[in-house]
Every structure is written in structure tokens, then in C-alpha cells.
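Remarks on the overall topology
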Amino acid sequence: MRTLTSSFLLGLMAAGLAACSAPAGPEPTDSSAMSMGQATALPSPTALKALSCPSETSFVAPTELTIEAKAIPLSDRANGASLPPGVRFAGGWALTSPNESFGGLSGIELLPDGDFLTVSDTGAFVWIGHEAGELTGQGRIAYMKGQDDQLLRGKTEGDSEGLALKDGLAYVSFERRHRIEAFALETCGASARAALVASLPGEIDGTDIRENSGAEALSSGKTLRAGYEQLIGGKSPLVDVTATGATITLRDPLGTDFDSPLVGMTNRIALGDRETAGSVIYSLRRNYNPVFGNRLAVEAEYMDAGGSSRRGLFTLAPPMNVDNFEGITVETLADGTHRIWIVSDDNFSDRQRTLLFAFDLVGEAH
């Protein structure tokens, strides 16, 4: 892992995130965190909510839609769904809707009421009804508004990719015009407007970031972390935004099975009791070529007072029923099991599907 300096200015209309006052955890000893320049202290979540949902703004409910869910196996072949010990396929669904606006799903989060919140690369929030491991067939959609209270226009403004929930706010990372913005959905619903959290760099380590390869992944914990899809020298750029500034890290791959571009991250999840201060972030990587199709990998980064470590958990590839998976979130079940949920972006193409898969981590994988 390598940490470097960047001179970009953070746009700062953003989330204070009380928890965002320190780096994500001790780095390996061969890394040295470096300042990325001056940055004003980030506003508190209360201030951010006021920017996204001004006092004169009324709550507007998202538009209802029907979501049809067809159960599908991990593989259609009896011997085509091998997973490593401790990883169990918990269910899979192909999602469709009569509403043509449904699709293009990237980031995903699990809401306190059990439903999923996702973002679409057309600049929309999409809710998916979910209860006790089953999909309800109900959904909602709301198109995002910019800081000017107008709907985001086209791919340049509306290519939303990463999603993280924190302090009652939905944080969203965007490609093309690289940035993170926050929305007070709980307070204003579909009338929430964007509040700028940070303008993200379009150049890292002397390499221009392609429009469609920016911050695909977003994670909230001790920092607000944006993960870029584009690899630089085979490494994944991570931008950690804190209350005092930010750092960019170029992360080495774990190995040949886990060297694909980064497309999704979960929030930091606590492990054990508060005294041990252990935590984990799960990441999703994806690679595609026309010969082998989509290949996915899920890895984990563990952190505690003693440092951090990473390991690969499992990979997915044909003949499994894989597609363009980009979003990942984690649910802690009643018995403490971590259930990993991943969702695919169908790009509004008849040749692709919106898939929602669940995997339980048990035993040595947990």
C-alpha cells in the first residue's frame, strides 16, 4: 500500500461526521500518511441536513413502483457453484419492473426498516422492499436534485455510483464530475437537494482519471472513504476525507484473484465489543472481458488497535449466474452472522440483468 500527496481542494459543504476525525485505522508500517493540503473543518451533520433540506422545504414522497423478483440459483449447473469453506449462498433474485426507470443500480445500503436503498447511474434513488430475507415486490424511486434544487442533468451530473448512510444522511459518490454529495432523505424525501461534501481529484499520481472510472465505491466509518474504479499502476486509489483534511492511498492488490478494479465497499462494521474496537470493511472487485465474462471478488479489511490486515474471501465467475455487480452492503443477522448483499447494474441493456445476491459468512470466513 502506498500513500501520496494531492493538491486538490476539497469542496466543503459537507458532512462533519463526528466519527470522521481520524484515519480509517493504522496503516502497515511501510506506509506514511501525508497531508493533502489545507481544508476547512467540515460542517456538522445538522448543518448539512439544513443545506439539503432547508426549513421551507416540504417532504415529498418518492414515486411508488412494482419490483418483480424471480429467484435464481448461484449456478444453473450442479457442479458450477463452488464456494470456499465458510461462505454460503443465501439467495439470489433477478429483479425487473414495469417502470422503465428501474435499472442501472450501483451502490446499495440496508435501511433501518429492512428495505434496501440503492442509487442508479441515471441520478436516482431506488428503494427495494425487503423483509426478513425476502423481497416484498414493492419499491420507490426519486430522482436526485442538485444544489440549485433542479434535477441533475444527464450523465455528467447524474452518474451516481457509491452510497453510504451515516447520521440520517445518504452520501453519494459521482463519476464524470468527480465528487461526493449528501442528501437528507429522511427529512425531505424526494425534495432533498444535494449538499457538496468534497470535490474529488480528476488526477492522481500524475494519471488522469477517466470519466467513467472514478469513485464507484463509498464507505463511512472513521473516515468517509471513496474508492476509485480506475487502477493506477495496478493499485486502487482510495480517498479518505476527514474533519481536518484528506489523504489518497494507492492500495496494492491481494493477488491475482483480487487484482480487479474496485467497484464497491461496505461501511465499517464493528466486530466484538467496543473495548476491542475491532472492525471490518468488505470490498467488491469486478473485471470483465468478452471471452471470460464478469469475474467478481469479495475481500475484507480488518482493523483494530494493533493495526490492519486484509484477506480475500471468495470469488464469483461463470458458469455462476454473475453479471455486472457493482454494489455491496452487509447485514448483521440475529446470531451475529454477516450477510453480504451485492447488486448488479444492468446498464438498461436487454443483454444484462439486475441481480441481487446474498452470501452468509460463517465459521472461518466470519
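By the definition in use, this model includes one disulfide. What pairs with C53 in a disulfide is C188, and their sulfur atoms sit 1.7 Å apart. Linking C53 and C188, the disulfide has an S-S dihedral of approximately 65° and is accordingly described as right-handed. Of this pair, C53 sits in the loop between α1 (45-52) and β2 (63-66) while C188 sits in helix α3 (residues 185-188), placing them 135 residues apart in sequence. You'll find C53 and C188 in the same group, each marked buried.

Moving on to the side chain of S344. You can see S344 is positioned in strand β25 (residues 338-344). According to the relative accessible area criterion, S344 is buried, its value standing at 0%. In terms of polar contacts, S344 uses its side chain to reach the backbone carbonyl oxygen of R353, at 2.7 Å. Polar contacts involving the side chain of S344 include one to the main-chain amide nitrogen of L355, which spans 2.7 Å. With sequence-adjacent residues up to four places away left out, S344 is seen in contact with L105, D323, N324, F325, E326, R353, T354 and L355.

All right, on to the pairing of strand β16 (residues 224-228) then. When you tally the buried positions in β16, you get five out of five residues, the bulk of the element. Burial of β16 is two-sided: the residues L224, A226 and Y228 facing one way and the residues R225 and G227 facing the other way are all buried. The pairing of strand β15 (residues 215-220) with β16 spans five bridges and is classified as antiparallel. Within β16, the position partnered with A217 by the bridge is G227. If you look at the hairpin formed by β15 and β16, you'll find three residues sitting between the two strands. By the bridge criterion, four bridges tie β16 to strand β17 (residues 236-241) in an arrangement that is antiparallel. The partner of A226 across the bridge, within β17, is V239.

A word on the nonpolar core. Soluble globular proteins tend to pack their nonpolar side chains together in the buried interior. Of all hydrophobic cores here, the largest spans 42 residues; its most connected members are F125, Y171 and F183. Among the elements that take part in this core, strand β10 (residues 169-174) stands out by supplying five residues, more than any other. Those residues in contact with F125 that sit more than four places away from it in its chain are L117, T118, V119, R140, I141, A142, M144, L163, A170, V172, F183 and L185. Core analysis: the second largest hydrophobic core is formed by 28 residues, V87, Y282, V298 and F325 among them.

Tallied over the entire structure, the rule returns 20 salt bridges. In this structure, D148 and R153 form a salt bridge, with 3.6 Å as the shortest nitrogen-oxygen distance. On the basis of relative accessible area, D148 is assigned to the partly exposed category, the value being 44%. Here R153 falls in the exposed class, since its relative accessible area comes to 53%.

Basis of the calculations
- Residues numbered from 1 in each chain as written.
- Predicted model: local features only at pLDDT ≥ 70, side-chain atom pairs only at ≥ 80, totals over all residues.
- Heavy atoms only, no water.
- Disulfide = S-S within 2.5 Å.
- Helix = DSSP H or I, 4+ residues; strand = E, 2+ residues; numbered from the N terminus.
- Buried < 20%, exposed > 50% of the residue type's maximum accessible area, 1.4 Å probe, protein only.
- Polar contact = N/O pair within 3.5 Å; in protein donor to acceptor, adjacent residues only side chain to side chain.
- Contact = heavy atoms within 4.5 Å.
- Pairing = 2+ DSSP bridges.
- Core = buried A, V, L, I, M, F, W, Y, C linked by side-chain atoms within 4.5 Å.
- Salt bridge = Lys/Arg side-chain N within 4 Å of Asp/Glu carboxyl O.

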